Amino acid sequence: MQFEIQNQKFLEKIVNWLRYVVYQRWYKMNFLGFFHLVSYMIKKRSKIPTVEKEKRILGINDFKVTDVAVGNMLEFQIRLLCEAHLRKVDKIDMALVYNPESPVGHWKYTSWINKDNFHYHLAELFPLLNVNPKLGSVFIFNSKDELESFLAKNHSRYFICPSIFKYANNQSFARGYYRFLRRFYNKERFLSEIELPEAANLWVRAFIKKYIKDRYLVAVNLRMNPFFAQHRNAKIGAWVDFFDYCSKKHKNIAFIILSRKSEIPKEFQKLPNLIFAQDYNTNIQHTFGFIKYSLFYMATSSGPASFAILSENIPYIIVSFHAPDISYNYNWWFKSDNLLPWQNKELQKLIWERETPELLIKEFEDLLDKVNKEKWKKGLDLDNADESILDWPYLIKK
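Summary of the structure given here. (Residues numbered from 1 in each chain as written. Predicted model: local features only at pLDDT ≥ 70, side-chain atom pairs only at ≥ 80, totals over all residues. Heavy atoms only, no water.)

1. Describing the overall build of the chain
What the chain contains, in helices and strands, is 13 helices and 10 strands. Contacts spanning at least 24 positions in sequence make up 76% of the contacts within the chain whose residues lie at least 6 apart. Carbon and sulfur atoms provide 54% of the accessible area of the chain, an area that totals close to 22,100 Å². (Helix = DSSP H or I, 4+ residues; strand = E, 2+ residues; numbered from the N terminus. Contact = heavy atoms within 4.5 Å. Areas by Shrake-Rupley, 256 points an atom, 1.4 Å probe, with all protein chains shown as cover.)

And the structure:
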């Protein structure tokens, strides 16, 4: 019996040696690996001319001159898509560059973003990369020297945005942004749009089916930044009174609050008609999805608002609005009695005044009366929404 066990162990050792040493290490890795290497080099050489001829746009986001902000990254993506349309380019590469010791330069951010927490803020922007339907490669450089070395080797492949002139002069792509979009729209009669991943679209529709049911959903995003420009923050009392009014008069309306958990005031917790998106581990793609699929959107000026403002078909009410791109002195043409050229004057409203309960109620009732509720419900197609996508691993069932 002992002899048989020893023989069995010896045979197992032989089998393992043949399997992992002879087959895996010598035959598969070394012998076949040599032919795979030769094949790889031949294929690579045959592809080089094609790659060299492919012209792309390279979008450079230098965090020393551009804010680490959702709104800026979103606007940059739309700018790059417009540039791609004008230059008839099919692919857009992104280059993100920062200094690890001093990652941001704007005074608004230096007080609360530093070398120790920058990577958290950078990670929040990553979901904004693949909303670009023309996205190619993404490069992250931890020094401008590394980026400039890359540019020197690859400059013939790219149209650079912002231009090398702006880059050399530390000017952000945001300078002149709305002037560029205005001219683009007046020429082309449309604005390029980002595209949410299909999983995000399905997730939001499944969420509405499970948690909103037969009610109408209105998305709300309020600026409540404790670090700078607090005078631009939402007037919480006005919104509490407004939500309280709606809870009594419009029991078929649910509001999805898209703000960060840390920014949600305690007064909101007691209101029965509010749902807090961050309770469901949402990211910025879900935020855009709620803006896209809600009956309409209400907000103060903040980053996610750009998703609605730069659309032609999302109904919205945005209060406490302020002129964009002030560095180019847009105030001379962009005032409260003017519209953005792509703006739908019936369903999209920018309000420069600070909010009051009376103003919110008036504008809400006006837009609620105008939007096509039946068309909204039909467009959601909730009967075909699969709620299983709400749970990890968020699989799309074919």
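2. Topic: the nonpolar core
Grouped together as the largest cluster of nonpolar side chains are 109 residues, with contacts concentrated most on Trp239 and Phe268. The element contributing the most residues to this core is helix 2 (residues 70-87), with 9 residues. Residues in contact with Phe268, not counting those within four places in the same chain, are Leu222, Ile236, Trp239, Val240, Phe243, Leu274 and Phe276. Counting 10 residues, the second-largest nonpolar core is a separate cluster that includes Leu58, Ile60, Val97 and Leu147. (Core = buried A, V, L, I, M, F, W, Y, C linked by side-chain atoms within 4.5 Å. Buried < 20%, exposed > 50% of the residue type's maximum accessible area, 1.4 Å probe, protein only.)

3. A word on the pairing of strand 8 (residues 296-300)
Of all 5 residues in strand 8, 5 are buried, a share of seventy percent or more. Residues Phe296, Met298 and Thr300 point to one face of strand 8 and Tyr297 and Ala299 to the other, with burial holding for every one of them. Pairing between strand 5 (residues 216-221) and strand 8: 4 bridges, direction parallel. Bridging from a neighbouring strand, Val220 pairs with Met298 of strand 8. Note: strand 8 against strand 9 (residues 316-319), 4 bridges, orientation parallel. When the bridges of strand 9 are listed, Met298 appears paired with Ile317. (Pairing = 2+ DSSP bridges.)

4. Looking at unusual backbone geometry
Here the amide bond leading from Cys161 into Pro162 is cis, since omega sits at 0°, within 30 degrees of zero. Tracing the sequence through the fold places Pro162 in the loop between strand 4 (158-161) and helix 6 (164-168). With an omega of 10°, the peptide bond running from Trp392 to Pro393 counts as cis. Along the chain, Pro393 turns up in the segment after helix 13 (373-380). Residue Asn281 is not a glycine yet carries a positive backbone phi of 55°. Within the element layout of this structure, Asn281 appears in the loop between strand 7 (274-276) and helix 10 (284-293).

5. Considerations on the pattern of salt bridges
Where side chains of opposite charge bring their charged atoms close, a pairing between them can arise. Enumeration according to the criterion identifies 15 salt bridges in this entry. The shortest N-O distance in the salt bridge between Glu363 and Lys349 comes to 3.1 Å. Residue Glu363 is found in helix 12 (residues 357-370), and its partner Lys349 is found in strand 10 (residues 348-350); the two are separated by 14 residues along the sequence. Connected through shared salt-bridge partners, Glu54, Arg56 and Asp93 make up one network. (Salt bridge = Lys/Arg side-chain N within 4 Å of Asp/Glu carboxyl O.)

6. Section: the packing of helix 8 (residues 198-212) against helix 10
Packed helices, taken two at a time, are described by their axes: the angle between them and the distance between them. Close contact between helix 8 and helix 10 brings their axes to 9 Å; oriented N to C, the two are set at 60°. Put simply, helix 8 runs oblique to helix 10. In this structure, helix 8 crosses over helix 10, and the sense of that crossing is right-handed. Residues Ala200, Asn201, Trp203, Val204, Arg205, Phe207 and Ile208 of helix 8 form the contact with helix 10, whose participating residues are Gln285, His286, Gly289, Phe290, Lys292 and Tyr293. Of the residues that constitute the contact of helix 8 with helix 10, the class distribution is 7 nonpolar, 4 polar and 2 charged. (Axes fitted to C-alpha atoms, helices over the stretch in contact; angles between N-to-C directions. Parallel < 35°, antiparallel > 145°, perpendicular 65-115°, else oblique. Left-handed = near helix turned anticlockwise from the far one by under 90°. Nonpolar A, V, L, I, M, F, W, Y, C, P; charged D, E, K, R; others polar.)

7. Thoughts on the sheet that holds strand 2 (residues 92-97)
What the 4 strands build is an open sheet, ordered 3-2-1-4; its pairing is parallel. Unpaired on one side and paired on the other, strand 3 (135-141) and strand 4 mark the two borders of the sheet. Strand-to-strand twist in this sheet, taken as the mean axis angle between neighbours without regard to direction, amounts to 20°. Direction of pairing for strand 1 (residues 56-62) relative to strand 4: parallel, over a ladder of 4 bridges. Pairing of Gly59 across the sheet is with Cys161, part of strand 4. The strands touched by helix 2 within the sheet are strand 1, strand 2 and strand 4, with strand 1 carrying the most contacts at an inclination of about 155°. Contacts from helix 5 (residues 144-154) reach strand 1, strand 2, strand 3 and strand 4 within the one sheet, and its direction differs from that of strand 1 by about 165°.

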